[in-house]
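So you can see what is in the structure, the chains are spelled out below.
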Amino acid sequence: MGYGRSVEFDDYFDTKAGLQFYLDLAGETAGDVLELGLGTGHLLFEIAKQGRDVWGIDSSPEMVREAKKRRRNYYPEVSGRSRLIVADMLSFDLGHQFGFVYAASSSIQGDSVDDLRGIFRSTADQMIEGGTFAFDVMSPYNLRRTINVPPEERELPGGRVIIRFIAQSYFEGDETAAFNILYKEHIPGRTKYDTYREEAEMAIITPEVIDDALDYAGLSRKALYGDFDRHPYVEDSMVIVVVAQKDRA
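All values reported here derive from a predicted model rather than from experimental measurement.

What counts, and where the lines are drawn
- Counting restarts for each chain, with residues numbered from 1 along the sequence as it is written.
- With the structure being a predicted model, the display of local features is reserved for residues of pLDDT at least 70 and the display and counting of side-chain atom pairs for 80 or more, all residues being used for whole-chain, interface and lining totals.
- Computation of side-chain values covers all heavy atoms of the structure but excludes hydrogens and water.
- Under the pairing criterion, centres of Phe, Tyr and Trp rings, with the six-membered ring standing for Trp, must be within 6.5 Å; the plane angle then separates stacked pairs below 30 degrees from edge-to-face pairs above 60, leaving the rest tilted.
- By the criteria applied, helices consist of DSSP H or I runs no shorter than four residues and strands consist of E runs no shorter than two, each listed in order from the N terminus.
- Partly exposed describes any residue whose relative accessible area lies between the buried limit of under 20% and the exposed limit of over 50%, with all areas from a 1.4 Å probe on protein chains only and scaled to the type maximum.
- Placement of a charge over a ring requires the Lys NZ or Arg CZ to be within 6 Å of the ring centre, with the centre-to-atom vector within 35 degrees of the ring normal.
- Any two strands are treated as partners once DSSP identifies two or more bridges connecting them.
- Only the stretch in contact is used when a helix axis is fitted, and all axes are lines through C-alpha atoms; the angle between N-to-C directions ranges over 0 to 180 degrees.
- Only heavy atoms enter the contact rule, under which two residues are in contact if any of them lie within 4.5 Å.
- Throughout this description, the term salt bridge denotes a Lys or Arg side-chain nitrogen within 4 Å of a carboxyl oxygen of Asp or Glu.

**Student:** How do you make sense of the packing of aromatic side chains when you look at a structure like this?
**Tutor:** Each pair of aromatic rings is reported with the distance of its centres and the angle of its planes. Taken as a whole and assessed by the stated rule, the structure comprises 14 aromatic pairs. Seen in terms of ring centroids, F45 and Y75 are 5.2 Å apart; in terms of plane orientation they differ by 45°. Their pairing is tilted. Linking F45 in helix α3 (residues 42-48) with Y75 in the loop between α4 (61-74) and β3 (82-86), this pair joins segments that are 30 residues apart in sequence. By the burial criterion, F45 is buried, and Y75 matches it. Against the face of Y216 rests R121, its NZ or CZ located 4.5 Å from the ring centre.

The following block contains the structure:
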């Protein structure tokens, strides 16, 4: 997905559904922390507030800039313990080892299931032995449908109003789902809305695909959940939440 002007809207529509899950996992681990798919950095900075040294990568320069802006405005106390870097999850080398790596909000769910092998291998190469890797993706049940999501409205500082529209299409032959996202922004004093459009495509990822990619990277699945309350994954779960560990030599 390409990010432009709409990057600042993300936090207003993010439900933060996995926030406590990842905060709890961070508290159960040791070592430095890495987030794949940094986004605007809210979760990473909350972990840094626990006293951890944290790193975050994102392939979007716009997202990294927005995260740095958020850190400067709301989390200045963690500036010395956080590094934010533009990097591709498919192939990255930070020259550092991490005890806890995570990818929230389906950030590793690209347009090809083959990408998982590259992401997991790069991740494992920079984890300490016994380190924890956790992530979530949208489930097959969630993605195998064609729907129009009801519009959502948020009020932003300064009286601005943002309305988000999402159209989701399922392509059975390719086992992918496409998203067309439209933001309409109303600024006080104007009679017209500004509009911003994003498009994205996501591959449908199954537990079997996940296990194959984890094994390829030398990682072992320790838990598979169907939500962030750690309930078991079932066929009609809306998300797949995985906790894995780097195998010891």
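**Student:** Hey, could you run me through the side chain of H42 in this one?
**Tutor:** Assignment of secondary structure puts H42 in helix α3. For H42, a relative accessible area of 18% gives the class buried.

**Student:** It is not clear to me how the sheet that holds strand β11 (residues 239-246) should be interpreted in this structure. Could you clarify?
**Tutor:** Paired through backbone hydrogen bonds, the strands of a sheet run either parallel or antiparallel to each other. Pairing is mixed across the open sheet formed by 7 strands, whose spatial order is β3-β2-β1-β4-β5-β11-β10. The two strands at the open ends of the sheet, each matched to only one other strand, are β3 and β10 (219-225). Between one strand axis and the next, the sheet turns by 15° as a mean value, whatever way the strands run. Note that strand β2 (residues 54-58) and β3 share 5 bridges and pair parallel. Residue pairing across strands places G56 opposite L84, the latter belonging to β3. Each of β2 and β3 is contacted by α4, which is oriented at about 160° to β3, the strand it contacts most. Where helix α5 (residues 115-125) meets the sheet, it contacts β1 (33-36), β4 (98-103), β5 (127-138), β10 and β11, and its direction lies at approximately 150° from that of β5.

**Student:** Would you mind going over the sheet that holds strand β6 (residues 147-155) with me for this structure?
**Tutor:** Taking strand neighbours across the sheet as the criterion, the 4 strands line up as β6-β7-β8-β9 in an open arrangement whose pairing is antiparallel. The open sheet terminates on both sides in strands that have one partner only, identified here as β6 and β9 (193-203). Taking each pair of neighbouring strands and ignoring which way they run, the sheet shows an average axis angle of 15°. With 11 bridges connecting them, strand β7 (residues 161-171) and strand β8 (residues 176-186) associate as antiparallel partners. Residue pairing in the sheet places I166 in a bridge with I181 of β8.

**Student:** Before we go on, may I ask you to explain the environment of Y233 in this structure?
**Tutor:** Relative to the helices and strands, Y233 resides in the loop between β10 and β11. A C-alpha to C-alpha distance of 19 Å links Y233 and S107, two positions 126 residues apart in sequence. The residues touching Y233, leaving out its near neighbours within four places in the chain, are S139, P140, P207, L224, Y225, G226, V239 and I240.

**Student:** What's the story with the pattern of salt bridges in this structure? I'm lost.
**Tutor:** A full pass over the atoms with the stated rule returns 9 salt bridges. One salt bridge connects R154 with E152, and the closest N-O pair in it is separated by 3.4 Å. As a salt-bridge pair, R164 and E152 come within 2.7 Å of each other at their nearest N and O atoms. Highlighted residues: R164 in strand β7 and E152 in strand β6, separated in sequence by 12 residues. On the basis of relative accessibility, which here comes to 26%, the residue E152 falls in the partly exposed class.

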